[in-house]
Amino acid sequence: SLTSPMSDVFLNFMAGGVGGMCTVIVGHPFDTVKLRLQTMPKPAPGQKPLFMGALDCCKRTIAKEGVFALYKGMAAPLVGVTPLFAVFFGGCAIGKYIQQKSPDQEMSILQNANSGAIAGLMMTSIMVPGERIKCLLQVQSAGHAPTGVHYDGPMDVVKKLYKQGGIASIYRGTAATLLRDIPASAAYYSVYEYLKKKFVGEGSHGKLSPGATLMAGGLAGIANWSVCIPADVLKSRLQTAPEGKYPGGIREVLKEVLREEGPKGLFKGITPVMLRAFPASAACFFGLELSLHYLRMFI
């Protein structure tokens, strides 16, 4: 079997793709609810908000548009997230390779955090356009597209954004995404690796049971989102705003949220995020470990 560092990067790249697919399939409905809550219009004085909370949003979406509405816009992340997670876990393997003096050296929690941060940086450069497309399509299907432009699908979004503001418009929200993903990825990967070590019991020959993998993966997901939800709220607002609304970028969005809603506005959508974080992340690491296991048998 191949044991060179590059083959390890390749295996993690392949297995990460499978992990990514598992994440999207399990997590997308929660993501739709989160985005609809984060971007719902501000109610007029004396009016009730559009949704009372995560459960209400979920119930009303299904009642109005059917259960598949929760999977709206899933094709883009499925196509996009698979290579993203491949890049992420490949990036983690590269981070490990850069820091290790020898291949069997134990990684510290800080070194794993560094690997996650490197992977987060690599992933963001590919991810921003996909996130921007996904946010615009999800908000549009909720019926309150703040941009007032109608899009017929992912390619149409790209064409119209490019016409509006060139590449810069397609990449709007890059700084916000980096602000969200570098610390979150560091937390995600280091917590998973730390728990994995803790859960590998005596006498299990270093093998993690499926239950332990799901548990470590789920808790890593919660750690990841605990770190990054405020940046995620700002990013959603920025990426779904009409062209030119926030010339000052993320700082301007932050001021507006704090002025209008106070600090709690930065945690909008936290319920569906936390409900999603555990199962989606557990599915991701389960898919990753299972694929790594089989790939190592065949390669």
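Numbers given to residues run from 1 along each chain, matching the order in which its sequence is written. Given that the model is predicted, a residue must reach a pLDDT of at least 70 before its local features are reported, and side-chain atom pairs must reach 80 or more before they are shown or counted; all residues, however, enter totals for whole chains, interfaces and linings. Each side-chain value is derived from all of the structure's non-hydrogen atoms; neither hydrogens nor water enter the calculation.

- An unreviewed UniProt entry annotates the protein as Mitochondrial carrier protein originating from Pristionchus mayeri.
- UniProt positions are given in the numbering used here, feature names are shortened, and annotations may be inferred rather than shown by experiment. The record in UniProt for the protein states the following under Sequence similarities (unreviewed entry): "Belongs to the mitochondrial carrier (TC 2.A.29) family."

1. So, the overall build of the protein
Part 1 of the argument: The number of helices and strands found in the protein is 9 helices and 0 strands.
Part 2 of the argument: The secondary structure elements of the protein, listed N-terminal to C-terminal, are α-α-α-α-α-α-α-α-α.
Part 3 of the argument: Radius of gyration here is computed from C-alpha atoms only, and the compact-globule reference equals 2.2 Å multiplied by the residue count raised to the power 0.38. Over its C-alpha atoms the protein spans a radius of gyration of 20 Å, differing by no more than 12% from the 19 Å that the globule rule assigns to 299 residues.
Part 4 of the argument: Viewed in the frame of its principal axes, the protein has a C-alpha envelope of about 65 × 40 × 35 Å.
Part 5 of the argument: Burial here depends on accessible area, computed with a 1.4 Å probe over protein chains only, as a share of the maximum for the residue type. Under 20% is buried, over 50% is exposed, and the range in between is partly exposed. Evaluated residue by residue, the protein yields a buried proportion of 49% over its 299 residues.
Part 6 of the argument: Expressed as a percentage of contacts within the protein between residues at least 6 apart in sequence, the contacts between residues at least 24 apart total 77%.
Part 7 of the argument: We get accessible surface area from the Shrake-Rupley algorithm with a probe of 1.4 Å; when it comes to residues, only the shown protein chains can shield them. In the structure as shown, the protein presents an accessible area of about 14,600 Å², 68% of it carried by carbon and sulfur atoms. Think of it this way: any DSSP run of H or I at least four residues long counts as a helix, any run of E at least two long counts as a strand, and we number them from the N terminus. Residues are treated as being in contact if the distance between any of their heavy atoms lies within 4.5 Å.

2. Re helix α9 (residues 270-298)
Part 1 of the argument: Taking 1.5 Å of rise per residue, 29 residues should cover 42 Å, and α9 covers 41 Å from first to last C-alpha, within 8% of that figure.
Part 2 of the argument: At A277, α9 is deflected by roughly 30°, the largest bend along its length, and proline P279 occurs up to four residues later in sequence. The span expected for a helix works out to 1.5 Å for each residue beyond the first. The angle between axes fitted to the seven residues ending at a residue and the seven residues starting there is what we call the bend at that residue.

3. With respect to the packing of aromatic side chains
Each aromatic ring pair is summarised here by two numbers: the centre-to-centre distance and the angle between the ring planes.
Part 1 of the argument: Any pair of Phe, Tyr and Trp rings, taking the six-membered ring for Trp, is counted once the centres come within 6.5 Å. Such a pair is stacked with planes under 30 degrees apart, edge-to-face with planes over 60 apart, and tilted for the rest. Scanning the model with the defined rule gives 6 aromatic pairs in all.
Part 2 of the argument: Note on F85 and F89: the rings are 6.3 Å apart at their centroids and 35° apart in plane angle, and the pair reads as tilted. Here F85 pairs with F89, and both are found in helix α3 (residues 75-99), just 4 residues apart, close to one helical turn.
Part 3 of the argument: Between the aromatic rings of Y192 and F285, the centroid separation amounts to 3.7 Å while the plane-to-plane angle is 15°, which identifies the pairing as stacked. Taken as a pair, Y192 in helix α6 (residues 174-199) and F285 in helix α9 lie far apart in primary sequence, 93 residues in all. Residue Y192 shares its accessibility class with F285, and that shared class is buried.
Part 4 of the argument: Three or more aromatic residues joined by ring pairs make a cluster, and in this case those are F85, F88, F89, Y188, Y192 and F285.

4. A word on the UniProt feature "transmembrane region" (unreviewed entry) in the protein
Part 1 of the argument: The UniProt record marks residues 9-30 and 74-98 with the feature "transmembrane region" (unreviewed entry), using the residue numbering of this structure.
Part 2 of the argument: Taken end to end, residues 9-30 is 100% helix and 0% strand, and its two terminal C-alpha atoms sit 31 Å from one another.
Part 3 of the argument: Summarising residues 74-98: 96% helix, 0% strand, and an end-to-end C-alpha distance of 35 Å.

5. Quick notes on the environment of E289
Part 1 of the argument: Here E289 shows up in helix α9.
Part 2 of the argument: Take E289: its relative accessible area is 22%, and that puts it in the partly exposed class.
Part 3 of the argument: Setting aside its immediate chain neighbours within four residues, E289 contacts Y192, K196 and T213.
Part 4 of the argument: Looking at E289, its side chain comes within polar contact range of the side chain of K196, at 3.2 Å. Polar contact criterion, stated in full: a pair of N or O atoms within 3.5 Å, where within protein one must be able to donate a hydrogen and the other to accept it, and residues adjacent in sequence count only if both atoms are side-chain atoms.

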